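Residue strings, one per chain:
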Amino acid sequence: QVQLVESGGGLVQAGDSLRLSCAASGRTVSRNAMGWFRQAPGKEREFVAAINWSGISTYYADSVKGRFTISRDNAKNTVALQMNSLKPEDTAVYYCALRSDGGIPTMRRDAYDYWGQGTQVTVSS
């Protein structure tokens, strides 16, 4: 079993930055693709970013491309999401997710089978 715990959320103003972190425990996740998703009130959970096991390949939703950066530190069993130039529409609960089957990173929500509890990000205008 893997446990994922997100941290780093908060209340910021438009244009500010935040760095989210996801710490994995239970086993190493250094060989697994991981991703970040978000869910705003009344909306479905949507893909934000994903990263392959080595950190070389990254993928982003069009809405965050150029503003968000996903990274990982396999020695620390963590994945981060650096969010710059935040907008009010980025307000959501952000979830870290792990794909345990060894597959490539994907924006498909159903490919990930371990999820964190989420961290709230609120961006005021």
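Below is a short write-up of the structure. The model shown is predicted, which means the values in this text are computed figures rather than measured ones.

**Some words on the sheet that holds strand E1 (residues 3–7)**
Strand-to-strand pairing in sheets goes through backbone hydrogen bonds, with the strands running parallel or antiparallel. Reading across the sheet, the four strands line up as E1-E3-E8-E7 and stay open at both edges, with antiparallel pairing between neighbours. Single-partner strands in this sheet number two, and they are E1 and strand E7 (68–73). For this sheet, the mean angle separating the axes of adjacent strands, direction not counted, is 15°. Where strand E3 (residues 18–25) meets strand E8 (residues 78–83), six bridges bridge the pair, whose relative direction is antiparallel. Paired with Cys22 across the two strands is Val79, which belongs to E8.

**Quick word on the environment of Glu44**
Within the element layout of this structure, Glu44 appears in the loop between strand E4 (34–39) and strand E5 (46–51). The spatial distance from the C-alpha of Glu44 to the C-alpha of Gly26 is 29 Å, given a sequence separation of 18 residues. Each residue touching Glu44, except ones within four places of it in the same chain, is listed here: Arg38, Gln39 and Arg109.

**Here's the deal with the packing of aromatic side chains**
Counted by the stated rule, this structure contains four aromatic pairs. With centroids separated by 5.3 Å and ring planes inclined at 75°, the aromatic side chains of Phe37 and Tyr112 adopt a geometry described as edge-to-face. Taken as a pair, Phe37 in strand E4 and Tyr112 in the loop between strand E9 (92–98) and strand E10 (114–115) lie far apart in primary sequence, 75 residues in all. Judged by relative accessible area, Tyr112 falls into the buried class, the value being 4%. Taking the centre distance of 6.4 Å and the plane angle of 65° together, the rings of Tyr112 and Trp115 count as edge-to-face. Since its relative accessible area comes to 27%, Trp115 is described here as partly exposed. Through a chain of ring-to-ring contacts, the aromatic side chains of Phe37, Phe47, Tyr112 and Trp115 assemble into a single cluster. Taking NZ or CZ as reference, Arg45 lies 5.0 Å from the ring centre of Trp115, over its face.

Thresholds, definitions, all that
- Residues numbered from 1 in each chain as written.
- Predicted model: local features only at pLDDT ≥ 70, side-chain atom pairs only at ≥ 80, totals over all residues.
- Heavy atoms only, no water.
- Pairing = 2+ DSSP bridges.
- Helix = DSSP H or I, 4+ residues; strand = E, 2+ residues; numbered from the N terminus.
- Axes fitted to C-alpha atoms, helices over the stretch in contact; angles between N-to-C directions.
- Contact = heavy atoms within 4.5 Å.
- Phe/Tyr/Trp six-rings, centres within 6.5 Å; stacked < 30°, edge-to-face > 60°.
- Buried < 20%, exposed > 50% of the residue type's maximum accessible area, 1.4 Å probe, protein only.
- Lys NZ or Arg CZ within 6 Å of the ring centre and 35° of its normal.

Geometric descriptors of this kind do not, in isolation, establish any biological role.
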